[in-house]
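Structural characterization, general
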Amino acid sequence: MEENRVSSIMGWFRQRFGKQRNDSDQVKPCTFSQTCSSGHSNTSSSACSSSSSSSSPKPSISAKPSASDQPLPSVLSSPFRSSLRYDVFVCHNDEDSDLAQSLASFLEAPSKGLRCYLQERDCPAGGAVSTELLQAVQDSHCWLLLITPNFVKDDWCSYQMHQVLSEGPMSQRIIPAVVNMPRSQLPLELRFLFTVDLNMNKEFGYTVVYKAVLQYLKDMSEKEKSSSASQSDGYKHSLH
């Protein structure tokens with residue numbers, strides 16, 4: 001009888017706790033499956049999102065226009081400017097040819113568009129130097145004198161300087177550019193003119209020269225237009 005009682009108690013324990021264990025075992029796989037399924041879904045969604053984000057085309061950045069793409073000043077298309085062959089006559093000593101060519105290259109760059117005269121480059125072979133020089137001076141809007149210690153000592157440069165001064169004294173056409181020397185050592189004939197200082201920053205000085213030439217062309221072009229308009233008005237009045 002005692003054995004039957006013990007057996008009955010053990011059977012109750014097995015039935016009671018065995019059922020709870022089986023119930024929990026049935027729930028856990030389901031919960032685990034749902035968690036894995038949810039996690040897998042999130043991972044896949046994240047991966048797809050990342051993939052689509054990386055594969056989507058990025059907006060292109062438009063390149064800034066270069067200086068050579070910028071339009072040239074309208075004055076360079078004016079009839080006044082076209083009336084002469086050169087914009088700038090560059091007068092210099094032979095020892096300063098590299099500097100003169102550097103300045104001319106800056107002014108003649110596609111973004112600047114000026115026309116320079118350099119004797120060693122533009123004087124025709126076989127021509128009389130003095131005749132060709134005088135013709136180039138007369139056929140240039142502005143005259144740049146590259147004043148250096150070599151220039152001051154050179155009789156030929158002095159001759160060119162006086163040719164320029166005789167053509168346009170006290171005018172905007174003469175542009176003295178000083179390099180490697182103080183203003184106090186300028187030729188006396190040039191001390192009453194404003195000069196461009198190339199001692200500190202050559203490229204900045206080149207820009208000053210460029211702007212001076214453009215300003216002269218602009219001023220003279222406007223004067224020519226005004227003069228033409230006045231003549232036209234005078235002609236109309238005379239007809240009436």
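1. Overview of the pattern of salt bridges
Inspection of the entire model under this criterion finds 4 salt bridges. Where R115 meets D87, a salt bridge forms, and the shortest distance between an N and an O atom there is 3.0 Å. Separated by 28 residues along the polypeptide, R115 in the loop between α3 (97-108) and β2 (116-118) and D87 in strand β1 (residues 86-91) bring together distant segments of the chain. Judged by its relative accessible area of 0%, D87 falls in the buried class. The partner of D122 in a salt bridge is R121, and the shortest N-O contact between them spans 3.2 Å. Each of R81, D87 and R115 takes part in one network of salt bridges that share partners.

2. Details of the packing of aromatic side chains
Going through the model one piece at a time under the given rule, you end up with 5 aromatic pairs. Arranged with centres 5.3 Å apart and planes meeting at 10°, the rings of F89 and Y117 form a pair that is stacked. Residue F89 is located in strand β1, and its partner Y117 is located in strand β2; the two are separated by 28 residues in the primary sequence. Given a relative accessible area of 1%, F89 falls into the buried group. Here W156 and Y159 contribute two aromatic rings whose centre-to-centre distance is 5.3 Å and whose plane-to-plane angle is 15°, an arrangement assigned as stacked.

3. Focus: the sheet that holds β1
Strand order in the open sheet made by the 5 strands is β2-β1-β3-β4-β5, with parallel pairing throughout. The two strands at the open ends of the sheet, each matched to only one other strand, are β2 and β5 (196-197). For strand β4 (residues 174-178) and β5, the ladder comprises 2 bridges, and the chain directions are parallel. Looking at the pairing, A177 lines up with V196 of β5. Most of the contacts of helix α5 (residues 129-138) go to strand β3 (residues 140-147), to which it runs at about 115°, and overall it touches β1, β2 and β3.

4. Section: α3
One turn of an α-helix holds 3.6 residues; hence residues three or four places apart share an orientation. Over its 12 residues, α3 runs 16 Å from end to end, which matches the ideal 16 Å to within 8%, given 1.5 Å per residue. The set of residues buried in α3 consists of S97, L99, A100, L103, A104, F106 and L107.

5. Details of the pairing of β4
Within β4, 5 of the 5 residues are buried, which leaves the element mostly enclosed by the surrounding structure. Burial along β4 is two-sided: I174, P176 and V178 facing one way and I175 and A177 facing the other are all buried.

6. So, the environment of F151
Following the sequence through the fold, F151 ends up in helix α6 (residues 149-153). C-alpha of F151 to C-alpha of P187: the two residues are 36 residues apart in sequence and 9.7 Å apart in space. Non-local contacts of F151, meaning those with residues more than four positions away in its chain, are made with C91, H92, N93, D96, L145, L146, C157 and M161.

Rules used in this analysis
Residues numbered from 1 in each chain as written. Predicted model: local features only at pLDDT ≥ 70, side-chain atom pairs only at ≥ 80, totals over all residues. Heavy atoms only, no water. Salt bridge = Lys/Arg side-chain N within 4 Å of Asp/Glu carboxyl O. Helix = DSSP H or I, 4+ residues; strand = E, 2+ residues; numbered from the N terminus. Buried < 20%, exposed > 50% of the residue type's maximum accessible area, 1.4 Å probe, protein only. Phe/Tyr/Trp six-rings, centres within 6.5 Å; stacked < 30°, edge-to-face > 60°. Pairing = 2+ DSSP bridges. Contact = heavy atoms within 4.5 Å. Axes fitted to C-alpha atoms, helices over the stretch in contact; angles between N-to-C directions. Expected span 1.5 Å × (residues − 1).

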